[in-house]
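Chain residues, written in single-letter form:
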Amino acid sequence: MNNEWPLWEIFIRGQHGMSHRHVGSLHAPDAEMAIKNARDVYTRRNEGVSIWVVEANAITASSPSDKGPMYEPSESKVYRHPTFFDIPDEVGAM
Amino acid sequence: MYAQMVKTAGTGLKSREEMTEQERNFQDKIDADIKIEPKDWMPDDYRKTLIRQIGQHAHSEIVGQLPEGNWITRAPTLERKAILLAKVQDEAGHGLYLYCAAETLGVSRDELTQMLLDGRMKYSSIFNYPTLNWADIGAVGWLVDGAAIMNQVPLQRTSYGPYARAMVRICKEESFHQRQGYDAIRKMAEGTPEQKRMAQDALNRFWFPSLMMFGPSDKDSVHSAQSMAWKIKINTNDELRQKFVDQTVPQAEYLGLTIPDPDLKWNEDRGHYDFSEPDWSEFFDVIKGNGPCNVDRLAARNKAWDDGQWVRDGLLAHARKKRARDLAAE
């Protein structure tokens, strides 16, 4: 049996961060140890106030070859951005 | 540099005509500074070379803990001890970031570890030199970490995304390492005559081994062209070595210490220092395994791995049992 500890992906929310961000990965036998190791490996300089750990094989990622069909449709929809619309100066801030 | 003489896989640099269409697209991405990510297509030789390079870099961080760890219990003050402890802990972290980057290329952590332990993969030649006294710890931070930074700063722009991101993190922390080393050796250089003599002695012993960290002279670096085209090597060995000398000489002058090279002098025309090459036969000998500490370093890593086996197995067995119990309870 393969006795390598599973790989965990580590997400950390900083003091003023709005969301958890992926910072890297590490090996640990279970989730509890993964959090303890993440504290040592990824928060030695006050980088975070909250840690999420997810086993790497539980993550499904989009495929790089889908980049075109996945994201190109949004490029032609400039009206989704507020700057598309001209608001007369007289109307004031909007 | 923490990765020396990384053998580039493949047959050498190909012209565009010799490349397949896939290889051409790949090279175009690199030329346009678009990062290569783990799931992207990449040539096998790019993958192989990167595993060697990042692996060697990671091993260097891990083995690099040994010469410094040697002095944690004997640091001259509690403050120096706490600082050194934090520094050595950082090195462990750097090794882990890099192993993770290498693992995204399809090699497992255990395979990498095994290749270090049985000598199939190398680590930087510098860590095969001993740290004989406290002044050496200052010299290692100042010179060895200084040389490492020289190499690692440009690698933040390397073409492989996970490697570049690991380097960004490492560079942020590395600056603390160099500064604490300079601070420690400055204390000695400004101390009693005996302390100053120790600082000079440490510089004498670490100067040329530090210059060797950048690898052989460009004229003897057969692997550079392909690695530079792939942007996994950004500067040549000689460029980085020159930069390191130019930066370090004034720092030594400030300390009142003498660089142990009678031929060192400022060259007005070049705008750089001229300096003597290290003894390359010594370098190749150390790489081959005949340095002062090669045997000790590998023995220490093997012992740590073997002694830790029951802990790794025990924690994993516990995790499996707990998972089975949790599943049964559901």
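Basis of the calculations
- Residue positions within a chain follow its written sequence, with the count starting from 1.
- Working convention: letters from A go to chains and numbers from 1 go to ligands, in the order in which they are written.
- With the structure being a predicted model, the display of local features is reserved for residues of pLDDT at least 70 and the display and counting of side-chain atom pairs for 80 or more, all residues being used for whole-chain, interface and lining totals.
- Side-chain metrics in this entry use all non-hydrogen atoms of the structure; hydrogen atoms and water are not considered.
- Counting from the N terminus, the helices are DSSP H or I runs at least four residues long and the strands are E runs at least two residues long.
- Only C-alpha atoms enter the radius of gyration; for comparison, a globular chain is expected to reach 2.2 Å times N to the power 0.38, where N is the number of residues.
- Under the scheme applied here, a residue whose accessible area is under 20% of the maximum for its type counts as buried, over 50% as exposed, and between as partly exposed, the area being computed with a 1.4 Å probe on protein chains only.
- Whether two residues are in contact is decided by their heavy atoms, any of which lying within 4.5 Å being enough.
- Per-residue and other accessible areas follow the Shrake-Rupley method at a 1.4 Å probe size, with only the shown protein chains counted as cover for residues.
- Between rings of Phe, Tyr and Trp, where Trp is taken as its six-membered ring, a pair exists when centres lie within 6.5 Å; planes separated by under 30 degrees are stacked, by over 60 edge-to-face, and by other angles tilted.
- Over a ring means this: the NZ of a Lys or the CZ of an Arg is within 6 Å of the ring centre and within 35 degrees of the ring normal.
- For helices, the axis comes from a line fit to the C-alpha atoms of the stretch in contact; other axes are also lines fit to C-alpha atoms, and the angle between any two N-to-C directions lies between 0 and 180 degrees.
- Here the word oblique covers every angle except those under 35 degrees (roughly parallel), over 145 (roughly antiparallel) and from 65 to 115 (roughly perpendicular).
- We call a crossing left-handed when the near helix sits turned anticlockwise from the far one by less than a right angle, and right-handed when that turn is clockwise.
- Gly is put with the polar residues, along with every residue not named as nonpolar or charged; the nonpolar set is Ala, Val, Leu, Ile, Met, Phe, Trp, Tyr, Cys and Pro, and the charged set is Asp, Glu, Lys and Arg.
- In this scheme, patches are assembled from residues that exceed 30% relative accessible area and form no salt bridge. Like charges are connected within 9 Å, while nonpolar side chains (Val, Leu, Ile, Met, Phe, Trp, Tyr) are connected within 5 Å.
- One speaks of a salt bridge when a side-chain nitrogen belonging to Lys or Arg is within 4 Å of a carboxyl oxygen belonging to Asp or Glu.
- Summed over both partners, the accessible surface that disappears when two parts come together, traced with a 1.4 Å probe, is what is meant by buried area.

### Some remarks on the overall build of chain B
Item 1. The helix and strand inventory of chain B stands at 13 helices and two strands.
Item 2. By the compact-globule yardstick of 20 Å for 330 residues, chain B fits well, its C-alpha radius of gyration being 21 Å.
Item 3. Across its three principal axes, chain B shows a C-alpha extent of roughly 70 × 60 × 35 Å.
Item 4. The burial tally for chain B puts 52% of its 330 residues in the buried class.
Item 5. A sequence separation of at least 24 residues applies to 79% of the contacts in chain B between residues at least 6 apart.
Item 6. Split by element, the accessible area of chain B, about 15300 Å² in all, is 55% carbon and sulfur.

### Some points on the overall build of chain A
Item 1. Scanning chain A from N- to C-terminus turns up two helices and three strands.
Item 2. Relative to the globule expectation of 12 Å for 94 residues, the C-alpha radius of gyration of chain A, 21 Å, shows a markedly less compact shape.
Item 3. C-alpha extents for chain A along the principal axes are approximately 70 × 35 × 15 Å.
Item 4. Within the span of chain A, comprising 94 residues, buried residues form 26% of the whole.

### Points about the packing of aromatic side chains
Residue and element names in this part refer to chain B.
Item 1. Enumeration over the complete set of coordinates arrives at 12 aromatic pairs over all chains.
Item 2. Between the aromatic rings of W280 and F283, the centroid separation amounts to 5.3 Å while the plane-to-plane angle is 90°, which identifies the pairing as edge-to-face. With W280 and F283 both in helix α11 (residues 280–290) and three residues apart, the pair spans about one turn of that helix. The pair W280 / F283 is uniform in exposure class, with both members buried.
Item 3. When the ring centre of W71 is taken as reference, the NZ or CZ atom of R74 above it lies at 4.0 Å.
Item 4. Here the guanidinium or amino end of R312 rests over the ring plane of W305, the centre of that ring lying 3.5 Å away.

### Examining the environment of I137 of chain B
All names here are of chain B.
Item 1. Assignment of secondary structure puts I137 in helix α6 (residues 134–155).
Item 2. Note on I137: relative accessible area 1%, which makes it buried.
Item 3. A C-alpha to C-alpha distance of 9.5 Å links I137 and N70, two positions 67 residues apart in sequence.
Item 4. Apart from the residues within four sequence positions on either side, I137 is in contact with P67, E68, W71, L84 and T131.

### Points about the packing of helix α2 (residues 44–63) of chain B against helix α4 (residues 78–103) of chain B
Residues and elements named next belong to chain B.
Item 1. Across the interface, α2 lies against α4 with an axial gap of 8 Å and an inter-helix angle of 160°. The pairing of α2 with α4 is recorded here as roughly antiparallel in orientation. As for how α2 packs across α4, the hand of that crossing is left-handed. Residues I54, H57, A58, H59, E61 and I62 of α2 pack against E91, A92, H94, G95, L98, Y99, A101 and A102 of α4.
Item 2. Among the residues forming the contact of α2 with α4, the class breakdown is eight nonpolar, four polar and two charged.

### Section: a nonpolar patch on the surface
Item 1. Taken together, the side chains of V78, Y79, F84, F85, I87, V91 and M94 of chain A make up a nonpolar region of the molecular surface, amounting to roughly 750 Å² of accessible area.
Item 2. Within the fold, Y79 of chain A resides in the segment after α2 (67–71).

### Let's talk about the interface of chain A and chain B
Item 1. In this complex, chain A contributes 23 residues to the contact, which on the side of chain B involves 25 residues.
Item 2. Three residues stand out in chain A for area buried against chain B, namely E4, W5 and R44 of chain A, and they jointly supply 28% of the buried area on that side.
Item 3. Here chain A and chain B share six salt bridges between them.
Item 4. We note a salt bridge from E55 of chain A to R323 of chain B, for which the minimum N-O separation is 3.1 Å.
Item 5. Those elements that provide at least two residues to the side of chain A that touches chain B are β2 (21–27) and α1 (31–42) of chain A.

### Re the pattern of salt bridges
All names here are of chain B.
Item 1. In this structure the tally under the stated criterion is 26 salt bridges over all chains.
Item 2. Between R270 and D274 there is a salt bridge, with its nearest N and O atoms 2.8 Å apart.
Item 3. R270 gets classed as partly exposed once you look at its relative accessible area, which sits at 40%.

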